[in-house]
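# Residue-level structural notes
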Amino acid sequence: MASKSASFYTKTRQEVVCNNVKKTLFCFRLAWFLMILNLFSWVSAINGKSLMAHVSTSIPKRKPECPPMGLEGLKIDDFQLHGSTTKRYGLGAHRGRLNIQAGLYEDDLHDGAWCAGIDDPLQWFEVDARRLTKFTGVVTQGRNSLWSSDWVTSYKVMFSNDSHTWKTLKNGSEDMIFSANKEKEIPVRNVFPAPVIARYIRVNPQSWFGSGSVCMRVEILGCPMPDPNNYYHRRNEVITTDDLDFRHHGYKEMRQLMKVVNDMCPNITRIYNIGKSHAGLKLYAIEISDNPGEHEVGEPEFRYTAGSHGNEALGRELLLLLMQFMCLEYLSGNQRIRHLVEETRIHLLPSVNPDGYEKAFEAGSELSGWSLGRWSNDGIDIHHNFPDLNSILWELEAMKRVPRKMFSHLPIPEWYLSSNASVALETRALIAWMEKMPFVLGGNLQGGELVVTFPYDRTRSQWVAREQTPTPDDHVFRWLAFSYASTHRLMTDASRRVCHTEDFAKEDGTINGASWHTAAGSMNDFSYLHTNCFELSMYVGCDKFPHENELPEEWENNRESLLVFMEQVHRGIKGVVRDLQGRGIANATISVEGISHDIHTAADGDYWRLLNPGEYQVIARAEGYSLSTRKCEVGYEMGATRCDFTIGRTNLSRIKEIMEKFNKQPIRLSARQLQAMRSRRLGT
């Protein structure tokens, strides 16, 4: 435990910091911290105790347990899975993976379990590890189905080295029978009395739910035995060189890790919270910028959020890894990271739903199932708890009553703001944060799939489950989604196995949210319709809560994508809208000809408008000011094109200002009088 805790603070990193950052005091503090940590570990080693021993001496010693082999995480290929018989192809052995999700209909090719063709105690589900493996346990579920109730209630376990001769695990002289599931979704883990070394393992159902069939989803716990010449193992292994803290972090550990990052990089980080959860846990965010705590004119703001579904732990850990990585790389002089930090104000919110995460974390990565901890403490799906502005916009469009100001920043309905509305505290905190910060681009990390989705998430046609529903900025969203998916190690790999039922790789790893499944009140749609921020969802892994030994590979899968997507905030145009005295104009409207979606300037008059390469007619307008139009060109190279505007007050607004200054009402002229004044001015 000591070495794991200290892995983020190696001697090499200390030297890099001291050599590259000429801050004597900071280096002294870091060296002092490392000395204390190493001294504590040294004393512990002399006493023959680990750091855990100092936490509690009353915790009983657990038997060493191997991690999952990877049925759920797809490390085990389909051809390594076999069944004695199969009810049909869609219920074949390749579908017997823990937490795999079924399609909507019973005749799907991709169904929710392995189901034997015959319901008797002679059936088996087999895994070929392809090498000698130390097996330590089995995790099982029933069949995922809306229409059927199928699960195994007890089973035996058998082992073989050649797939011909099998030995059953014994309890003395009798076959050992393990109790299995009592319903179809909650995983049940059974650990063997002692590890068994073999290549093949079979799960042999002995009893099952009375009105159901022999159906299972399975994960095997096992450690591969040393075999350096095993080609199959080497070609699938992904190794990271980043020295980061690869483990799952509970709420307190997450807060401590963020504090460590802040202590190591105090000049570019700031920790703050945006509110509290239902259980009173603070929603912590970390800001990464060369001037933390302040919005700099001309510098775009970016956000990543994760954990709106508390059981989707991978996104949370990826953001904790990202903040460590950016801190260390900034200190070591990585020019790409330095440029990103110096030109962007970055916000990372790793746990939107800490209450839900704590439930899933307590159960563990294999036993949290598909939904434990998904919702907030008061039973709300936070990601889909935002105001449904889509239906308001489309209703106005149908009546042809959409004023120009409705092209963006649609107001939140009054009923939603009432105290008795079904709105989670976490959602209210997110909305306040989104309204306060002038975010330009955002990504929310989800789990359970490998795809990037973009708005709209709700279908325009009522009662339609799937329908392509593009925004006016569809081409920009498609590019943003592709920038993440194409740089991910697996999302666009056409040869990879699908996570559940959908093959998103053939769509370049991206999809319009509504064409996947309709969902009202999503964070993505709300962000686009109520704020300036373009928001997308990244489903970063098939396994929502991977075992911590899989975190290094998941980091390698997503690291480049996380960085590339952040860099897209610098694509399009940017500028400042000023008055004739050079003062920035807040809340001015920026319109692009041909795109019925506007954005507004921030408090200092600066703006950012995401656009693909091309030429655009851009209009700046503000209440009381004359409008200004100019042509702005966006190139293919990275970096937003500067496009500033200077606009003057209209005559009418100046008259109003003068009249109000002297406590007089402005003269309201009729259209005929105004026309007469114009004619006299022109001498006609």
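Quantities reported herein were computed from a predicted structural model and do not represent experimental measurements.

In this section: the overall build of the chain. For the chain, the helix and strand inventory stands at 18 helices and 26 strands. Taken over 684 residues, the chain has a buried fraction of 55%. Residue pairs in contact within the chain that sit at least 24 positions apart in sequence constitute 76% of those at least 6 positions apart. When the accessible surface of the chain is split by element, carbon and sulfur atoms take 53% of a total near 31,300 Å².

One pass over the full model with this rule turns up 26 aromatic pairs. Summarising the aromatic geometry, the rings of Trp-433 and Phe-439 are spaced 5.0 Å apart at their centres and angled 70° between planes, so their arrangement reads as edge-to-face. Relative accessible area serves as the criterion here: at 4%, Trp-433 is assigned to the buried category. Through pairs of rings, three or more aromatic residues link up here, namely Phe-135, Tyr-155, Phe-159, Phe-178 and Phe-192. Over the ring of Tyr-625 we find Arg-649, and its NZ or CZ is 5.1 Å from the ring centre.

Right, let's get into the pattern of salt bridges. Considering all chains together, one arrives at 34 salt bridges under this definition. For Glu-126, the salt bridge is made with Arg-202, and the minimal N-O distance between the two is 2.8 Å. Taken together, the positions of Glu-126 in strand E3 (residues 125-141) and Arg-202 in strand E9 (residues 188-208) put the pair 76 residues apart, joining distant regions of the chain. With a shortest N-O distance of 3.2 Å, Asp-381 and Arg-374 are connected by a salt bridge. A relative accessible area of 19% means that Arg-374 is categorised as buried. If you follow the salt bridges from partner to partner, you end up with Arg-88, Asp-111, Arg-143 and Asp-150 in one network.

So, on to the pairing of strand E21 (residues 595-600). In terms of burial, E21 is a largely internal element, 5 of the 6 residues being buried. Where strand E20 (residues 589-592) lies against E21, 3 bridges are found, and the strand directions are antiparallel. Residue pairing in the sheet places Ile-590 in a bridge with Ile-599 of E21. Between the end of E20 and the start of E21, which pair antiparallel, lie 2 residues, with Gly-594 showing a positive phi angle near 90°.

With that out of the way, let us pick up the nonpolar core. Tyr-304, Leu-322, Met-326 and Leu-536 are the most contacted members of the largest nonpolar core, which has 97 residues in total. Element by element, the count of residues in this core is highest for helix H7 (residues 313-331), at 13 residues. For Met-326, the contacting residues outside a window of four places in its chain are Ile-288, Ile-337, Leu-340, Val-341, Ile-346 and Met-566. If you look at the next biggest cluster of nonpolar residues, it comprises 29 residues, including Val-127, Val-157, Phe-159 and Ala-180.

The next subject is the sheet that holds strand E12 (residues 282-288). Strand order in the open sheet made by the 8 strands is E11-E12-E14-E13-E15-E18-E16-E17, with mixed pairing throughout. Taken across any chain shown, the strands that pair with only one partner, and hence form the sheet edges, are strand E11 (269-276) and strand E17 (510-512). If you compare each strand with its neighbour and ignore which way they point, the axes differ by 25° on average. When strand E16 (residues 449-454) meets strand E18 (residues 534-541), the two strands line up antiparallel, connected through 5 bridges. Paired with Val-452 across the two strands is Met-538, which belongs to E18. In this fold helix H15 (residues 523-530) packs onto strand E13 (301-306), strand E15 (439-446), E16 and E18, with an angle of close to 160° to the strand it touches most, E18. Relative to the sheet, helix H16 (residues 551-567) contacts E13, strand E14 (345-349), E15 and E18, its axis offset from that of E13 by approximately 150°.

Now for the environment of Leu-372. Mapped onto the elements, Leu-372 comes out in the loop between helix H9 (354-363) and helix H10 (389-398). With sequence-adjacent residues up to four places away left out, Leu-372 is seen in contact with Asn-311, Lys-359, Ala-360 and Ala-363.

Now for the confidence of the model for the chain. For the chain, mean pLDDT is 88; residues scoring 70 or higher make up 85% of the total. Segment residues 1-63: pLDDT under 50, and 57 contacts once partners within four positions in sequence are set aside and those in other chains are kept.

With the rule as written, the count across this model stands at 5 disulfides. Here Cys-66 is linked by a disulfide to Cys-223, with a sulfur-sulfur distance of 1.8 Å. Of note, the bridge from Cys-66 to Cys-223 carries an S-S torsion of about -120° and is left-handed in sense. Here Cys-223 lies in strand E10 (residues 215-224) and Cys-66 lies in the loop between helix H4 (51-55) and strand E1 (81-83), a separation of 157 residues in the sequence. Each disulfide pairs two cysteine sulfurs, and for Cys-632 the partner residue is Cys-643, the sulfurs being separated by 1.7 Å. Taken together, the residues Cys-632 in strand E24 (residues 628-634) and Cys-643 in the loop between strand E25 (641-642) and strand E26 (645-646) connect sequence positions 11 residues apart. When sorted by exposure, Cys-632 lands in the same class as Cys-643, which is buried.

Over its 17 residues, H16 runs 24 Å from end to end, which matches the ideal 24 Å to within 8%, given 1.5 Å per residue. The sharpest bend along H16 comes to roughly 40°, located at Asn-558. Along H16, 15 of the 17 residues are buried, which leaves the element largely enclosed by surrounding structure.

Along the chain, Lys-506 falls in the loop between helix H13 (474-485) and E17. Accessibility expressed as a relative area gives 64% for Lys-506, which makes it exposed. Taking the C-alpha atoms as reference points, Lys-506 and Met-491, separated by 15 residues in sequence, lie 9.5 Å from one another.

Here we take up the sheet that holds E20. Read from one edge of the open sheet, 4 strands run E21-E20-E23-E24, paired in antiparallel fashion. The open sheet is flanked by E21 and E24, the only strands paired with a single partner. Pairwise comparison of adjacent strand axes, ignoring direction, gives a mean angle of 30° for this sheet.

Mapping Asp-543 onto the fold places it in the loop between E18 and H16. Despite its burial, Asp-543 pairs with no opposite charge; the closest candidate is Lys-544, at 9.1 Å N-O. In terms of polar contacts, Asp-543 uses its side chain to reach the backbone amide nitrogen of Phe-545, at 3.1 Å. The contact partners of Asp-543, leaving out residues within four places of it in the chain, are Glu-72, Gly-73, Leu-314 and Glu-550.

Here we take up the packing of H10 against H15. Packing of H10 against H15 brings their axes to within 9 Å, and their N-to-C directions diverge by 50°. Put simply, H10 runs oblique to H15. Packed against H10, whose contacting residues are Leu-389, Asn-390 and Leu-393, the element H15 presents Asp-525, Phe-526, Leu-529 and His-530 at the interface. Residues that form the contact of H10 with H15 fall into these classes: 4 nonpolar, 2 polar and 1 charged.

The rules behind these values
Residues numbered from 1 in each chain as written. Predicted model: local features only at pLDDT ≥ 70, side-chain atom pairs only at ≥ 80, totals over all residues. Heavy atoms only, no water. Helix = DSSP H or I, 4+ residues; strand = E, 2+ residues; numbered from the N terminus. Buried < 20%, exposed > 50% of the residue type's maximum accessible area, 1.4 Å probe, protein only. Contact = heavy atoms within 4.5 Å. Areas by Shrake-Rupley, 256 points an atom, 1.4 Å probe, with all protein chains shown as cover. Phe/Tyr/Trp six-rings, centres within 6.5 Å; stacked < 30°, edge-to-face > 60°. Lys NZ or Arg CZ within 6 Å of the ring centre and 35° of its normal. Salt bridge = Lys/Arg side-chain N within 4 Å of Asp/Glu carboxyl O. Pairing = 2+ DSSP bridges. Core = buried A, V, L, I, M, F, W, Y, C linked by side-chain atoms within 4.5 Å. Axes fitted to C-alpha atoms, helices over the stretch in contact; angles between N-to-C directions. pLDDT = per-residue confidence, 0-100. Disulfide = S-S within 2.5 Å. Expected span 1.5 Å × (residues − 1). Bend = angle between axes of the 7 residues up to and from the residue. Lys, Arg positive; Asp, Glu negative; His and termini not counted. Polar contact = N/O pair within 3.5 Å; in protein donor to acceptor, adjacent residues only side chain to side chain. Parallel < 35°, antiparallel > 145°, perpendicular 65-115°, else oblique. Nonpolar A, V, L, I, M, F, W, Y, C, P; charged D, E, K, R; others polar.

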